Amino acid sequence: MWDSATPGPVDGEAERRRGGRGFAGAAPVGQGVWRDDIRPGQTLYYRVPVDWGQQVHAVAELGGSGTGAGYAPAALGLALHNPVRARVEDASAGYTGRRATAALDPVPPVEYGNRRAAAERVSAMRFAGGHYLVVHLAAQVADAFGTGPFALTLRVRIDGEVRPGPAYAGEPVPSGVFRVSDEDREQASSGAAPDDDLAMKALAAGGIGTGSLLLVGLGVWTAVGQMRARAQKPTA
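Caption draft 1: Summary view of the pattern of salt bridges. A complete count under the given rule lists 11 salt bridges for this structure. For the salt bridge of Asp184 with Arg47, the shortest nitrogen-to-oxygen distance reads 3.8 Å. Of the two residues, Asp184 is situated in helix α3 (residues 182–190) and Arg47 in strand β4 (residues 43–50); the sequence distance between them amounts to 137 residues. Of the two residues, Asp184 and Arg47, neither departs from the other in class, the shared state being buried.

Caption draft 2: Geometry of the sheet that holds strand β2 (residues 27–28). Here 5 strands make up an open sheet; going across it, the order is β2-β4-β9-β6-β7 and the pairing mixed. With partners counted over all chains shown, the strands left at the sheet margins are β2 and β7 (87–95), one partner each. Note: β4 against strand β9 (residues 129–137), 8 bridges, orientation antiparallel. Residue pairing in the sheet places Val48 in a bridge with His131 of β9. Packed on one face of the sheet, α3 meets β2 and β4 and runs near 135° to β4.

Caption draft 3: How the structure looks around unusual backbone geometry. In this model, Gly148 is joined to Pro149 through a cis peptide bond whose omega is 10°. Following the sequence through the fold, Pro149 ends up in the loop between α2 (141–145) and β10 (150–159). Here Arg85, not a glycine, exhibits a phi torsion of approximately 70°, which is positive. Take Arg85: it is sitting in the loop between β6 (72–81) and β7. When its relative accessible area of 15% is taken as the criterion, Arg85 is described as buried.

Caption draft 4: Structural view of the packing of aromatic side chains. Summed over all chains, the structure comprises 5 aromatic pairs. On the basis of an interplanar angle of 90° and a centroid distance of 6.0 Å, the ring pair of Tyr95 and Phe150 is categorised as edge-to-face. A residue pair is termed long-range when its members are at least 10 positions apart, and Tyr95 in strand β7 and Phe150 in strand β10 qualify at 55 residues. Phe150 matches Tyr95 in its accessibility class, with the two residues each being buried. A centroid spacing of 4.5 Å and a plane angle of 20° characterise the contact between Phe127 and Phe178, whose relative ring orientation is stacked. With a gap of 51 residues between them, Phe127 in the loop between α1 (120–123) and β9 and Phe178 in the loop between β10 and α3 connect regions that are remote in the sequence. Looking at Phe178, the relative accessible area reads 9%, which means it is buried. Members of the aromatic cluster, each reached through a chain of ring pairs, are Phe23, Tyr45 and Tyr132.

Caption draft 5: Quick look at the sheet that holds strand β1 (residues 15–16). In spatial order, the strands read β1-β3-β10-β5-β8; together these 5 strands make up an open sheet with mixed pairing. Of all the strands in the sheet, just β1 and β8 (100–103) have a single pairing partner and so form its edges. The pairing of strand β3 (residues 32–38) with β10 spans 7 bridges and is classified as antiparallel. Following the sheet pairing, Gly32 is matched in β10 by Val156.

Caption draft 6: Up close: α3. Along α3, the positions that sit buried rather than exposed are Asp184, Gln187 and Ala188. The buried side chains of α3 occupy one side of the element, clustering within an arc of 100° when seen end-on. Residues of α3 that are exposed and angled more than 90 degrees away from the buried face: Asp182, Glu183 and Ser189. In this structure, the buried residues of α3 make contact with β2, β3 and β4. Of the residues one or two after α3, Gly191 is the one with positive phi, at around 85°.

Caption draft 7: View of the pairing of strand β5 (residues 55–62). Judged by how many residues are buried, β5 sits mostly within the fold: 8 of 8 residues are covered. In terms of strand pairing, β5 meets β10 through 8 bridges, oriented antiparallel. Bridge pairing in β10 links Leu62 to Leu152. Bridge count between β5 and β8: 4 bridges; the pairing is antiparallel. Each residue of the ladder has a partner; that of Val59, found in β8, is Ala103.

Rules behind the numbers
Residues numbered from 1 in each chain as written. Predicted model: local features only at pLDDT ≥ 70, side-chain atom pairs only at ≥ 80, totals over all residues. Heavy atoms only, no water. Salt bridge = Lys/Arg side-chain N within 4 Å of Asp/Glu carboxyl O. Helix = DSSP H or I, 4+ residues; strand = E, 2+ residues; numbered from the N terminus. Buried < 20%, exposed > 50% of the residue type's maximum accessible area, 1.4 Å probe, protein only. Pairing = 2+ DSSP bridges. Contact = heavy atoms within 4.5 Å. Axes fitted to C-alpha atoms, helices over the stretch in contact; angles between N-to-C directions. Phe/Tyr/Trp six-rings, centres within 6.5 Å; stacked < 30°, edge-to-face > 60°. Arc of directions from axis to C-beta.

Below, the structure is given as structure tokens:
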């Protein structure tokens, strides 16, 4: 069993950390309070190292506009994705021009055994490594409150003690995808640029299920793309 209670938000002075524009360029963050600016229609990406046995919580806060009036439903969106970029959990909040908060429901700690769970939000938490927080501000916010930018605060909490990962029959290939290294933690603390190559390897490994990790060749992904294209092509 895991603790499904919602913890209190992380307090403290917010540190500036500019969000990335995509998964590969996601800004590294760890536990703490982070701030940025966001405009309507914009999506920001953050990468959080979450190791085996650890549980991640996140809250996104949108500052008041100071001008305009009205209501924008589902204006602020926050989503959690696992290391292979599969969506785990999401939340949204409407906006009236006053501070709005979108908080993720608790998700379980990262465990190998989660892959056997029926609930997707549990089975998705089966990989250690860089998890992604994706923040989106709906374009419709501009209709009532202007183009901004709006103040964004991201509160991230990581609970739980690090546990040993699963004992695979051999070394995982590609190496380093499903683990958290000292370098990952340093990047999260300092804001150093993430390893884009490792991020692409994680995406390639997204089709892996149980058992030993396998290297997914680029040729396989090319073939899959071609098959999808043919499947979507209209027939006479």
